[in-house]
Amino acid sequence: MASRLRHPLFAVAATLAVTLPWVGTFVSYGGYGTVHPGDNIAPALAVLVGGLGILGASFLLAWAAETAEKDVPRAFAIAVLAVLAVAPEYAVDALYAWQAGAGSDQAANLAVANMTGANRILIGLGWSGIALFSIYRAMRASDPAVEDRSGTLANVVTLDRDISLEITFLLAATAFAFFVPFNGGIGPFDTLVLVGMYLLYLLVIVRGDVDEAEEHVGVPAYFQQLSRARRAAAVLVGFAFSGAIIFTAVHPFAEGLEQLGIQYGVPEFFMIQWLAPLASESPELIVVAYLVNKARTTAGFNALISSKLNQWTLLIGTLAVVYSVSAGAVGTLPFDSKQAAEIWITAAQSLFAIAVLSNFEISAREALSILGLFATQVLVEFYVIQRYAETTATELSMLVLYAYTVVYLVLGVALFVHRRDSVAGLLGRTVSTTRAAMNGDDTVRPGHSD
């Protein structure tokens, strides 16, 4: 009996069972778009069953991605994982962009607020939290990606240098994002540039060679030893099922959290910018924590950076597309000056975080800096909107955003200057990787260390 409980298929069955309460709720209430917390289901119940569904689906998604690494470049498998894990964020933002196209100015601002909130959470909580978790875990179990260094909070998570491709593309998207607010909205040109960047990135990693198989254990190891056809079927089913669960469960889960928060006096706009994106980012954070717990810290950071890249390119670019389709004509998704400030601080945070990773490591001290800047900005802004009337709160909030933008920019530029040799190496490696992929040369391959 004990041996059966340790069988990988038992783990799969148990994980599937965790998703069943959400499947039952989804079917009983009539399908997608019909489960509305507060209307036909209690918010607390939506949070419970939706949260369990997301948890189970996140593990299934991680197993599918790890299994796929046997047949496709690891960077591509992680990119697919990242897109599926953050698909709910796309759905929420697309909903607001659609409403904006139908004539709602408020919805346009909400689309931008939700997008910037999600991006800042991914770095402010995701990158910093996973780095700190990796360092903490290494105190109890060996992790080749974590190095002990002398000094206060000096231990570092080291990253595979082949992640240079993702970091460089993210840097290019970040540089472009600073100019988006000057056009008064997100328009066709922004879509062309940002989506084009991501498609070029995908082209490079798809043309890369399949990585030498990394030894896996548990569920991925079991599926990897199957025949190629059965293995491919398991991967596709895993991606499809987990993606469907995450896509359908996150919106009711987020709505349930929003309503519970509003009941306790949290402003609705604040909930939409911060709590809803936190809910939609939860599958990604669960998957990465799972990878780190298996001492696959490099793969975990690859997933986080890939998620940031697709959100900072595809997510922004597709907002204008959805807006235009809804409006019935090619147009620009408008936003007010407050949301322009939100985009600038998001770009500045991204620049600072990229500067931190430019030498392919992040220390506990740096992770705490990222976390501290993010947390204090959110808390100060929350205090302002709670303490002052709307007009005054908006003005003070924008001052806070500008102040933190300057701080992020100063720190980021200083780090880039200090690490200019590392930055030059980063860019040079990206050029070599891109050229090799385009020419079909395997001397430099994405996903491999020198």
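From a predicted model like this one, the values you see are computed outputs, not experimental measurements. (Residues numbered from 1 in each chain as written. Predicted model: local features only at pLDDT ≥ 70, side-chain atom pairs only at ≥ 80, totals over all residues. Heavy atoms only, no water.)

## What to know about the overall build of the protein
Selection criterion: Each helix corresponds to a stretch of at least 4 residues labelled H or I by DSSP, and each strand to a stretch of at least 2 residues labelled E; elements are numbered beginning at the N terminus. Both definitions apply: the radius of gyration is a C-alpha atom measure, and the globule rule equals 2.2 Å times residues to the power 0.38. Buried residues are those whose accessible area, probed at 1.4 Å on protein chains only, stays under 20% of the maximum for their type, while exposed residues exceed 50% and partly exposed ones sit between those limits. Contact definition: two residues touch when any of their heavy atoms are within 4.5 Å. Under the convention used here, a 1.4 Å probe and the Shrake-Rupley method define accessible areas, while residue burial counts only the protein chains that appear. Just so you know, the count uses Lys and Arg for positive and Asp and Glu for negative, and it drops His and the chain ends. Taken as the charge centre is NZ of Lys, CZ of Arg, CG of Asp or CD of Glu, depending on the residue.
Per the secondary structure count, the protein includes 16 helices and five strands. In terms of overall size, the protein behaves like a compact globule, its C-alpha atoms giving a radius of gyration of 22 Å where 450 residues would be expected to give roughly 22 Å. By principal-axis analysis of the C-alpha atoms, the protein measures approximately 60 × 60 × 50 Å. In the protein, which comprises 450 residues, the share counted as buried stands at 54%. Sequence-distant contacts in the protein: of pairs separated by 6 or more residues, those separated by 24 or more amount to 82%. As displayed, the protein has an accessible area near 18,500 Å², and 65% of this comes from carbon and sulfur atoms. Averaging the locations of the 24 positively and 35 negatively charged side chains of the protein gives two centres separated by 9 Å.

## Focus on the packing of helix α6 (residues 105-138) against helix α13 (residues 337-357)
Convention followed: Here an angle of 0 to 180 degrees is reported between the N-to-C directions of two axes, which are lines fitted to C-alpha atoms, with helices fitted over the stretch in contact. Note on angle classes: values under 35 degrees are labelled roughly parallel, values over 145 roughly antiparallel, values of 65 to 115 roughly perpendicular, and the remainder oblique. A crossing counts as left-handed when the near helix is turned anticlockwise from the far one by less than a right angle, and as right-handed when that turn is clockwise. Throughout this entry, Asp, Glu, Lys and Arg are counted as charged residues, while Ala, Val, Leu, Ile, Met, Phe, Trp, Tyr, Cys and Pro are counted as nonpolar. The remaining residues, Gly among them, count as polar.
Between α6 and α13, the least distance of the axes is 10 Å, while the angle of their chain directions is 20°. In this view, α6 runs roughly parallel relative to α13, as classed from their interaxial angle. Considering only the axes of α6 and α13, their crossing is left-handed. Between α6, through N109, V112, A113, T116, N119, R120, I123, G124 and W127, and α13, the contact on the second element is made entirely by Q339, E342, I343, I345, T346, Q349, S350, A353, I354 and L357. Looking at the contact of α6 with α13, its residues break down into nine nonpolar, eight polar and two charged.

## Comments concerning the sheet that holds strand β2 (residues 156-158)
Spelled out, the test is: For two strands to pair, DSSP has to find at least two bridges joining them.
Here three strands make up an open sheet; going across it, the order is β1-β2-β5 and the pairing antiparallel. Since the sheet does not close on itself, it has two edges, and those belong to β1 (146-147) and β5 (361-363), each with one partner. Bridge analysis of β1 against β2 gives two bridges, and the strand direction is antiparallel. For V146, the partnering residue across the bridge sits in β2 and is V157.

## Concerning the nonpolar core
We count it as follows: To qualify as a nonpolar core, a set must consist of buried Ala, Val, Leu, Ile, Met, Phe, Trp, Tyr and Cys residues joined through side-chain atoms within 4.5 Å.
With 125 residues, the main nonpolar core has L333 and I362 as its most contacted residues. Setting aside chain neighbours within four positions, we find L333 in contact with A100, A108, A111, V112, G184, G185, I186, L319 and Y323.

## Focus: the pattern of salt bridges
Condition: One side-chain nitrogen of Lys or Arg within 4 Å of one carboxyl oxygen of Asp or Glu is enough to make a salt bridge.
Using the criterion set out here, one finds seven salt bridges in the structure. Of the charged contacts in the structure, one is a salt bridge between E342 and R120, with a shortest N-O distance of 3.0 Å. With a gap of 222 residues between them, E342 in helix α13 and R120 in helix α6 connect regions that are remote in the sequence. R120 carries the same exposure label as E342, and that label is buried. Residues E147 and R149 are paired through a salt bridge, measuring 2.9 Å at the closest nitrogen-oxygen approach.

## A word on the environment of F223
Residue position: F223 is located in helix α9 (residues 218-224). Taking the C-alpha atoms as reference, F223 lies 10.0 Å from A233; in sequence the two are ten residues apart. Dropping the residues within four chain positions of it, F223 is found in contact with L9, V12, T67, R231 and A234.

## Let's talk about the environment of V146
Along the chain, V146 falls in strand β1. Separated by twelve residues in the primary sequence, V146 and S134 place their C-alpha atoms 7.2 Å from one another. Not counting the four nearest positions on each side in its chain, V146 is found in contact with S134, I135, A138, V156 and V157.

## Quick notes on unusual backbone geometry
Positive phi, close to 50°, is recorded for L153, a residue that is not glycine. You can see L153 is positioned in the loop between β1 and β2. We classify L153 as partly exposed; its relative accessible area is 44%. For F360, which is not a glycine, the phi torsion comes out positive at approximately 60°. Along the chain, F360 falls in the loop between α13 and β5. Taking the relative accessible area as the measure of exposure, F360 reaches 5% and is therefore buried.

## Digging into the side chain of S326
We count it as follows: Polar contacts here mean pairs of N or O atoms no more than 3.5 Å apart (in protein, one a potential hydrogen donor and the other a potential acceptor; neighbouring residues in sequence count only if both atoms are side-chain atoms).
Mapped onto the elements of the fold, S326 is located in helix α12 (residues 297-327). Judged by relative accessible area, S326 falls into the buried class, the value being 17%. A distance of 3.3 Å separates a polar atom in the side chain of S326 from the backbone nitrogen of A102. If we skip the residues at most four places from it in the chain, S326 touches W98, G101 and A102.

## Points about the packing of aromatic side chains
Selection rule: Each Phe, Tyr or Trp ring (for Trp, its six-membered ring) is paired with any other whose centre lies within 6.5 Å, and the angle between the two planes then decides the class: stacked below 30 degrees, edge-to-face above 60, tilted in between. As a reminder, the over-ring test applies to NZ of lysine and CZ of arginine, requiring each to be within 6 Å of the ring centre and within 35 degrees of the ring normal.
All chains considered together, the criterion is met by ten aromatic pairs. A centroid spacing of 5.6 Å and a plane angle of 45° characterise the contact between Y198 and Y201, whose relative ring orientation is tilted. On the criterion of helical spacing, the pair formed by Y198 and Y201 is a turn pair, its members being three residues apart in helix α8 (residues 188-206). Side by side, Y198 and Y201 carry an identical accessibility label, which is buried. Taken together, F169, Y198 and Y201 form an aromatic cluster joined through their ring pairs. The positively charged end of K308 is found above the aromatic ring belonging to W312, 4.4 Å away from the centroid. The ring of Y388 has R387 lying over it, and the distance from NZ or CZ to the ring centre is 5.5 Å.

## Digging into the confidence of the model for the protein
The condition is simple: Known as pLDDT, the predictor's confidence for each residue is given on a scale from 0 to 100.
Confidence in the prediction of the protein, expressed as mean pLDDT, is 84, and 91% of residues score 70 or more. Per-residue pLDDT, averaged within each element of the protein, yields its smallest value for helix α1 (residues 2-5) (54) and its largest for α13 (96). Predicted confidence is poor over residues 443-450, with pLDDT under 50, and the contacts of this stretch with residues over four places away or in other chains come to 24 contacts.

## Focus on the packing of helix α10 (residues 228-263) against helix α11 (residues 268-293)
One way to put it is that α10 packs onto α11 with a least axis distance of 9 Å and a crossing angle of 145°. As for how α10 packs across α11, the hand of that crossing is right-handed. Where α10 abuts α11, its residues I246, V250, F253, A254, L257, E258, G261 and I262 lie against E268, M271, I272, L275, A276, A279, S280, S282 and P283.

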